[in-house]
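Geometric and topological summary
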Amino acid sequence: MLEINDLHAGIGEREILKGITLQVNAGEVHAVMGPNGSGKSTLAQVLAGNPSYTVTRGTVQYSGQNLLEMDPEVRAQNGIFLAFQYPVEIPGVSNAYFLRSAYNEIRKANGMEEVDPLEFLDMVEEKLKLVDMDKAMLSRSVNQGFSGGEKKRNEIFQMAVLAPRLAILDETDSGLDIDALRIVAEGVNKLRSPENATIVVTHYQRLLNYIVPDFVHVLANGRIVKSGGKELALELEEKGYDWVQNVSDVEAAV
Amino acid sequence: MARESGPASKGDAEPVTTRPPHSIATYRKDFGLLPDVPDWLNRLRAHGMERFESLGFPTTKNEDWHFTSVTPIAGRTFRPAMLSKLGVSSEGSTAGMVARADLRRFTFNQPGWHTLVFVNGEFSADLSSFAGIDKNVRVGSLAKAIQSGTGRPERHLGKIATFEDHAFTALNTAFIHDGAFIELQANAVVDQPIHLVFVSEGQGEAVAHPRNLIVAAQNSRASIIESYVCVRDNTYFTNSVTEISLGEGAHLDHYKIQRESEQSFHVGTLQATQARASQLHSFSFAVGGALARTNIYTSLAGDGATCTLNGLYLTDGAQHIDNQTRIEHIAPNCPSHEVYKGILDGRSHGVFNGKVYVHPEAQKTDGKQSNNNLLLSPHARIDTKPELEIFADDVKCTHGATVGRLDELAMFYLNSRGIGPESARMLLTYAFAADVLETIELEALKTALEGMVLSRFADSGAVTRPRR
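Residues numbered from 1 in each chain as written. Chains lettered and ligands numbered in written order. Predicted model: local features only at pLDDT ≥ 70, side-chain atom pairs only at ≥ 80, totals over all residues.

1. Details of the overall build of chain A
Our working definition: Secondary structure counts use DSSP, requiring at least four H or I residues in a row for a helix and at least two E residues in a row for a strand, with both numbered from the N terminus. Each radius of gyration is computed over the set of C-alpha atoms, and the globule rule expresses the reference value as 2.2 Å times the number of residues to the power 0.38. Put plainly, a residue is buried at 20 or more neighbouring C-beta atoms within 10 Å of its own, exposed at 12 or fewer, and partly exposed in between, counting only other residues' C-beta atoms, which are placed from the backbone. The contact criterion used here is simple: two residues whose C-beta atoms, placed from the backbone, lie within 7 Å are in contact.
The secondary structure content of chain A amounts to eight helices and twelve strands. Compactness check: chain A gives a C-alpha radius of gyration of 18 Å against a globular reference of 18 Å for 254 residues, within 12% of the reference. Its C-alpha atoms give chain A principal-axis dimensions of about 60 × 40 × 35 Å. Each of the 254 residues in chain A was classed as buried or not, and the buried ones make up 44%. Across chain A, the fraction of contacts at a sequence separation of at least 24, relative to all contacts at a separation of at least 6, is 72%.

Dropping the structure here:
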C-alpha cells in the first residue's frame, strides 16, 4: 500500500528525515518509535502533505501512485488520514459542519453522492459512541475549548467517520490518561481491517499494549535504525532509547 | 485623565495628495437652486451650507480623516439628481426608472417587512409598502412631513447630528430634502422590521443626500434597516445622515447594509442620543463603494443607557472602506460594547477608528471595544485605531485591535481532511466573521449576510501554496 524509499525531508535548510525506507501493506499495523527530535512527527506530517516541509530526495508510492505529487486534500480523498499530535482549533466552524464538509468532499472526489445533514447525523451518532463522546460536541466549534483528551478523541472520531485506508496516528497517546488511552485504542482497534493499514507514531510503548503492532521501527536522527516485531517495543522500554542511539552510532561508524 | 490610543497599521503607506476642491463652488451654486421650504428649514440649510463652505472637505491632516483621503470625492462635481428634474415632474416620477423587480435582490425575500424605497434620495410611494404598520407608529417621507408640518420634524432635525465640525454632515444639512421620518409613540412596538432602501440609479455623476429622522418615544421598540444599494454600477455619491432620538427605555435595533456600486462614493453618518435605560443595538455591514466611510456616533446621555455597536467590513480590489465610531459616555452606569471585524483582500485599504469618551459624571461605565482584521492578501492594508479617553475614575474600559492572516496550520488541518484550498479558505474566512454576524437578531438578515460572506470569498482564487 505504502512504499517509502530513501525519503529525505526537512524544514527550510534543516534536514530532519535522512533516508527513510519503509513498506506498509494492507492489514498491517506499524509502530514508529523514537526519542524526541528523531523525526517521527516529521514523517507523519510529510506523509499527510504538510506544505511547511520540503522533500529533498526519495520517493513515496501510495497504491501505485506518486504520493509526493498529491496535494494534501487529494491524499485525504484517496484514503490517507493523519490524527494530529496537536489538533487545530477552528473557532466559528462547528464540528458537524467541518466533518460533513470533509466527508462530502471525499465522497465527491470518489464519484459518490453527497449526504444531507440529516443522513450525516444518523451515520455520525454511531461513531460518537465508539469514542464515548456526547452528541453536543457536534455543535461546538472544532476543537475550541476541548481538553487535551477530547481533542485526541475527536481525531479518532473523525477517523471513524472518514474511514481512511491508511491512518497515521501522531503521538495520539500523549497527554491522555489511562481511561482516555483505552477509549482511543479501542476506537482504533475497531477500525482495523484486512484492507486498511495503520502507522502509529509514539514515544512510549504504553499505547502498544492496547494497539498491538505487527511491526515496530525505531527512528533515530532521521533514520530507521532498527525494525522488528512487537517485542522490539518491550525491549526498547526496558533498555531505553540510548540503546538504539548507540546501535546507530556503531552502525554509522562501520 | 487617562489617555490611551493605539494606532496600528500594516501595509505600504501611500503618498497623499490633496487637490484644491473646485467642487465646492458647484455645491454652492446647486444650493441656490434648491426649491423653497419653510423658514426653519431654509435657516437650517443655510447654516449647513455656511459651515460646509467654511470647513471645506476634510484633509488627511484632520485627525478624523487621517487614513482616508476624500480627494476622489472633492475632485469630482457631483450634481443633485433631484435638481435635474425640478419643475419637470412631480412626486413619485423617479419610480419609473427603477422597477420593483430591480429591488428584489436587496430586500432579503421578506415581503412582510415594512419597506420604504428612496430613489436617488427621494421617496418613491410606488415602490414602497408599509400599509399595515401599527397605528402608533408614523412612517413616511421626510419631504412630505416638512411640507405638511406633520410630526413637526423641526423639533429634532439638525439638533442631533452635529455639523459644526463635520463637513459631510454640514453638506447633507445644506441639501436636506427627503429621507425617512419615523416616529414611534410611547410603548409602540413595531411587529415587523422597517426596511429603508436607498437606491442609486447610477446615471451620471449624481449625488444624493438622504436625511433620516428616527424618534422613538419612551419604551417603544423597533428594528430598522437602512440598505444602500444601486441598480447600475456607476460613479455616484451618497452622503447620508440619520438622526436618532431614543426616549427613556426605548429599544432600537439598527442595521446599516452598505452595498453600493464599487465605483461609487459613500459617506454615511448615524448619530443618536440616548435617554435613560434606552438601548441602541447597531450593526454596520459595509461591502460596497470605491471609497466608503461610515460614522456611527451615539451619546449615552441618560443613566443606564446601553449601546452595542458591531460591524463587519469586507474589502477587495482597490476599495477603501473606513469605519468610525464614537461613543460618548455622558451619564453614569452605561455599558457600551463594540466589536468590528474586517476582512481585506486585493489591494484594498480598511480603516477603523473607534472612540470612547467617558465624561467626568459617567461613573460605573463599562466599555468594551475590539477590532479584529483578517488580511487575505499581502497587498491589503488596515489602519486601526481604538481610542479611549477617560475623565471619570470609577470605570471599567477595555479596548484592543488585532491584524492577522489566515492560519496556515488551520488551512493544512482542513486540507488534510479532504477539504480543498478554496473551500478551506472560504470556511476559515467565514469562521472569522461568524461570531460578529451571530450578534444579528434578525434571522433573515443574518442568513443573508452569512451567505454574502461565503459567496464573496468562494471564488477569489488567490490561494497560493508552495509546490513540492
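There's more to say after this.
2. A few points about the interface of chain B and chain A
Note the following rule: Three classes are used: nonpolar for Ala, Val, Leu, Ile, Met, Phe, Trp, Tyr, Cys and Pro, charged for Asp, Glu, Lys and Arg, and polar for all others, with Gly counted as polar.
Contact residues are listed per partner, giving 19 residues for chain B and 24 residues for chain A. Elements supplying a minimum of two residues to the side of chain B that touches chain A: helix H7 (408-415) and helix H8 (421-437) of chain B. In terms of residue count, H8(B) provides more of the side of chain B that touches chain A than any other element does, six residues in total. Residue composition of the side of chain B that touches chain A, by class: ten nonpolar, five polar and four charged.

3. Comments concerning the domain arrangement of chain B
Residue and element names in this part refer to chain B. Condition: Annotation comment: domain bounds sourced from an automatic or database domain assignment.
According to the domain assignment, chain B consists of domain 1 (2-405) and domain 2 (407-468). Computed over C-alpha atoms, the centres of domain 1 and domain 2 are 29 Å apart. Each partner contributes residues to the interface: domain 1 has 20 residues there, and domain 2 has 18 residues. Mapped onto the side of domain 1 that touches domain 2, the elements with two or more residues apiece are strand S11 (221-230), strand S13 (251-258), strand S15 (279-286), strand S17 (306-315) and strand S19 (335-344). Split into classes, the residues belonging to the side of domain 1 that touches domain 2 amount to 13 nonpolar, four polar and three charged.

4. Digging into the packing of H7(B) against H8(B)
Residue and element names in this part refer to chain B. Formally: For helices, the fitted axis covers only the stretch in contact; all axes are lines through C-alpha atoms, and the angles between them, taken along N-to-C directions, range from 0 to 180 degrees. We call two directions roughly parallel when the angle between them is under 35 degrees, roughly antiparallel when it is over 145, roughly perpendicular when it lies between 65 and 115, and oblique otherwise. Here a crossing is taken to be left-handed if its near helix is turned anticlockwise relative to the far helix by less than a right angle, and right-handed if that turn runs clockwise.
The N-to-C vectors of H7 and H8 enclose an angle of 125°; their axes lie 9 Å apart at closest approach. When the interaxial angle is binned, H7 and H8 end up oblique. Crossing of H7 against H8: the hand is right-handed. Contacts between H7 and H8 pair Ala410, Met411, Leu414 and Asn415 from the former with Pro421, Ala424, Leu427 and Leu428 from the latter.

5. Digging into the nonpolar core
Note the threshold: A set of buried residues drawn from Ala, Val, Leu, Ile, Met, Phe, Trp, Tyr and Cys, joined through C-beta atoms within 7 Å, is what defines a nonpolar core.
Core analysis: the biggest nonpolar cluster contains 198 residues, and A:Phe81, A:Ala83, A:Ile168, B:Val199 and B:Leu427 have the highest contact counts within it. A domain split of this core shows at least three residues from each of domain 1 (2-405) and domain 2 (407-468) of chain B. If we skip the residues at most four places from it in the chain, B:Val199 touches B:Val98, B:Leu103, B:Val117, B:Phe118, B:Val119, B:Val229, B:Cys230 and B:Val231.

6. A short note on the pairing of strand S10 (residues 197-202) of chain A
Residues and elements named next belong to chain A. Which entries qualify depends on this criterion: At least two DSSP bridges between two strands are needed for those strands to be called paired. Note on handedness: a crossover is taken as right-handed if, strands pointing away from the viewer, the path from the first strand over the helix to the second is clockwise.
Burial runs high along S10: six of the six residues are buried. Here S10 shows two buried faces, one formed by Ala197, Ile199 and Val201 and the other by Thr198, Val200 and Thr202. In terms of strand pairing, strand S3 (residues 29-33) meets S10 through five bridges, oriented parallel. Directly across from Met33, in S10, lies its bridge partner Thr202. Strand direction decides the pairing type here: strand S9 (residues 166-170) and S10, joined by five bridges, are parallel. Paired with Leu169 across the bridge in S10 is Val200. With helix H6 (residues 178-190) bridging S9 and the parallel S10, this β-α-β connection has right-handed handedness.

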